[in-house]
Amino acid sequence: MVRIITDSAADFEPLEISLLDIESIPLTVSFGNVHYKENVNLTKRIFYNLLTMQDAHPKTSLPSPKLIEDTFSKIPPNDQIVGIFLSSHLSGTYQSVKYFSKNRKSCYIIDSMSASAGERILVEEAVKMRNEGKCASEIFNRLENLKHKIKLYACIDNIDFLQRGGRISSQKAKIGSVANIKPVITMENGKVVLTHKSIGMKRGMNYIIHRLNHNKPDLKYPFHIMYTHIHHQGVVLKESLIEAGYNINNHSLVNAGAVIGSHIGTNSCGIAYVSR
């Protein structure tokens, strides 16, 4: 039997985790000296409420060694394992899992080189292949190829969160806020990169669609629209995509959790998909 493990950065809801029959290791989210575990004692709604109410900038950290060991110990030794984890440039989760799983047979650990809905796509493909009867090595080889085709773009509504996370200076944040600058970020080789600056969210969404036109989606795979807390912002982006001619019947709206939300705040939106 093939068992699939991921982490909470893939932004599955608890019900989805159960329905897909996967394991999800929670990352730790800290506000000051108070620590939470995603999807255990921290829902997305609670996270965003804390994010908007507290002055302390949240920090995310990898799961404890005991939590990783406990997850693997629940899996029978003869079962095969495929693990898909948050980009190693954003967290030490992948390296930690690699270390604690090194003595398992038929255990394949993947650095997704992505986050949120980008990581989620790989997990969904792994579930699909598992349900088709594929073995762990076949799933691993497929995902290692597929991960390089995943594109992720997000438009940030509140530039202050980039400043709070140390990605831009306070002076640039002030200038950007006055000028209504909405940065657009992407993932390149597993790293978060600022790719564009737009005036207003609508132009930011138009830039995302421009990038989508340049790297066409392969709609054999899921197409995810992301939003942070404000569902309406995801709906607006979806409507813009439909107006641009994209027939995204296999789309989903994904509320990005603490890993992404800590860095880009509420009311942001984006897309994750597999390019042709």
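Everything below is about the structure shown above.
What counts, and at which threshold
Residues numbered from 1 in each chain as written. Predicted model: local features only at pLDDT ≥ 70, side-chain atom pairs only at ≥ 80, totals over all residues. Heavy atoms only, no water. Axes fitted to C-alpha atoms, helices over the stretch in contact; angles between N-to-C directions. Helix = DSSP H or I, 4+ residues; strand = E, 2+ residues; numbered from the N terminus. Parallel < 35°, antiparallel > 145°, perpendicular 65-115°, else oblique. Left-handed = near helix turned anticlockwise from the far one by under 90°. Contact = heavy atoms within 4.5 Å. Nonpolar A, V, L, I, M, F, W, Y, C, P; charged D, E, K, R; others polar. Pairing = 2+ DSSP bridges. Core = buried A, V, L, I, M, F, W, Y, C linked by side-chain atoms within 4.5 Å. Buried < 20%, exposed > 50% of the residue type's maximum accessible area, 1.4 Å probe, protein only. Polar contact = N/O pair within 3.5 Å; in protein donor to acceptor, adjacent residues only side chain to side chain. Salt bridge = Lys/Arg side-chain N within 4 Å of Asp/Glu carboxyl O.

## Description of the packing of helix H3 (residues 65-73) against helix H4 (residues 93-100)
Here's step 1: It is the contact of H3 with H4, at a shortest axis distance of 10 Å, that shows an interaxial angle of 55°. Taken together, the axis directions place H3 and H4 in an arrangement best described as oblique. Crossing angle aside, the handedness with which H3 passes H4 is right-handed. Contact with H3, carried on its side by Pro 65, Ile 68, Glu 69 and Phe 72, involves Ser 96, Val 97 and Phe 100 of H4 and no other residues of that element.
Here's step 2: Looking at the contact of H3 with H4 residue by residue, the class counts come to five nonpolar, one polar and one charged.

## Details of the sheet that holds strand E9 (residues 181-188)
Here's step 1: Ordered in space as E10-E9-E8-E13-E11-E12, the six strands form an open sheet in which the pairing is mixed. Two strands lie at the open edges of the sheet, namely strand E10 (191-199) and strand E12 (251-255), each paired on one side alone. The average angle at which neighbouring strand axes cross in this sheet is 20°, direction not considered.
Here's step 2: Bridging between strand E11 (residues 223-227) and E12 involves five bridges; their strand directions are parallel. Within E12, the residue paired with Tyr 227 across the bridge is Asn 255.
Here's step 3: Together, strand E8 (150-155), E11, E12 and strand E13 (269-274) form the strand contacts of helix H5 (residues 116-131), whose direction differs from that of E11 by roughly 150°.
Here's step 4: Those strands touched by helix H9 (residues 201-214) are E8, E9, E10, E11 and E13, and its axis lies near 10° from that of E13.

## Details of the nonpolar core
Here's step 1: Among the nonpolar cores identified, the biggest contains 28 residues, and Ile 4, Ile 22, Val 82, Ile 84, Val 123, Ile 139 and Leu 143 are the most heavily contacted of them.
Here's step 2: Among the elements that take part in this core, H5 stands out by supplying seven residues, more than any other.
Here's step 3: With near-sequence residues (within four places) excluded, Leu 143 lies in contact with Val 82, Ile 84, Ile 110, Leu 122, Glu 125 and Ala 126.
Here's step 4: Counting residues in hydrophobic clusters, the runner-up holds 20 residues, among them Leu 27, Phe 47, Ile 156 and Ala 258.

## A word on the side chain of Lys 44
Here's step 1: Topologically, Lys 44 is positioned in helix H2 (residues 44-53).
Here's step 2: For Lys 44, a relative accessible area of 9% translates into the label buried.
Here's step 3: In this structure the side chain of Lys 44 is engaged in a polar contact, spanning 2.6 Å, whose partner is the backbone oxygen of Asn 255.

## Some details on the pairing of E11
Here's step 1: In terms of burial, E11 is a largely internal element, five of the five residues being buried.
Here's step 2: Of the two faces of E11, the one carrying Phe 223, Ile 225 and Tyr 227 and the one carrying His 224 and Met 226 are both buried.
Here's step 3: Both E11 and E13 contribute to a ladder of four bridges, which runs antiparallel. Residue pairing for E13: Met 226 is matched across the bridge by Gly 270.

## Observations concerning the pattern of salt bridges
Here's step 1: Applying the stated rule across the entire model yields 12 salt bridges.
Here's step 2: Of the charged contacts in the structure, one is a salt bridge between Lys 66 and Asp 70, with a shortest N-O distance of 2.8 Å. Here Lys 66 and its partner Asp 70 are both found in helix H3, four residues apart, which amounts to about one turn of the helix.
Here's step 3: Here Lys 66 falls in the exposed class, since its relative accessible area comes to 57%.

## Describing the pairing of strand E4 (residues 34-37)
Looking along a regular strand, one sees side chains alternate from face to face of the sheet.
Here's step 1: Two elements, strand E3 (residues 28-31) and E4, share four bridges in a ladder whose sense is antiparallel. Considered in E4, the bridge of Val 29 is made with Tyr 36.
Here's step 2: Taking the residues that link successive antiparallel strands as the turn, the E3-E4 hairpin has two residues, and the phi of Gly 32 there is positive, at about 65°.

## Focus on unusual backbone geometry
Here's step 1: Its identity as a non-glycine residue notwithstanding, Ser 116 has a phi of 50°, on the positive side.
Here's step 2: In the Ramachandran plot, Asn 267 falls in the positive-phi region, its phi being about 70° despite a non-glycine side chain.
Here's step 3: Classification of Asn 267 as partly exposed rests on a relative accessible area of 21%.

## A look at the packing of H9 against helix H10 (residues 231-243)
Here's step 1: Close contact between H9 and H10 brings their axes to 10 Å; oriented N to C, the two are set at 50°. For the element pair H9 / H10, the angle class is oblique. In the packing of H9 onto H10, the handedness of the crossing is right-handed. Contacts from Met 201, Lys 202, Met 205, Ile 209 and Leu 212 of H9 reach H10 at Gln 233, Val 236, Leu 237, Ser 240 and Leu 241.
Here's step 2: Of the residues contributing to the contact of H9 with H10, the split by class is seven nonpolar, two polar and one charged.

None of the figures reported here should be taken as evidence of function without further support.
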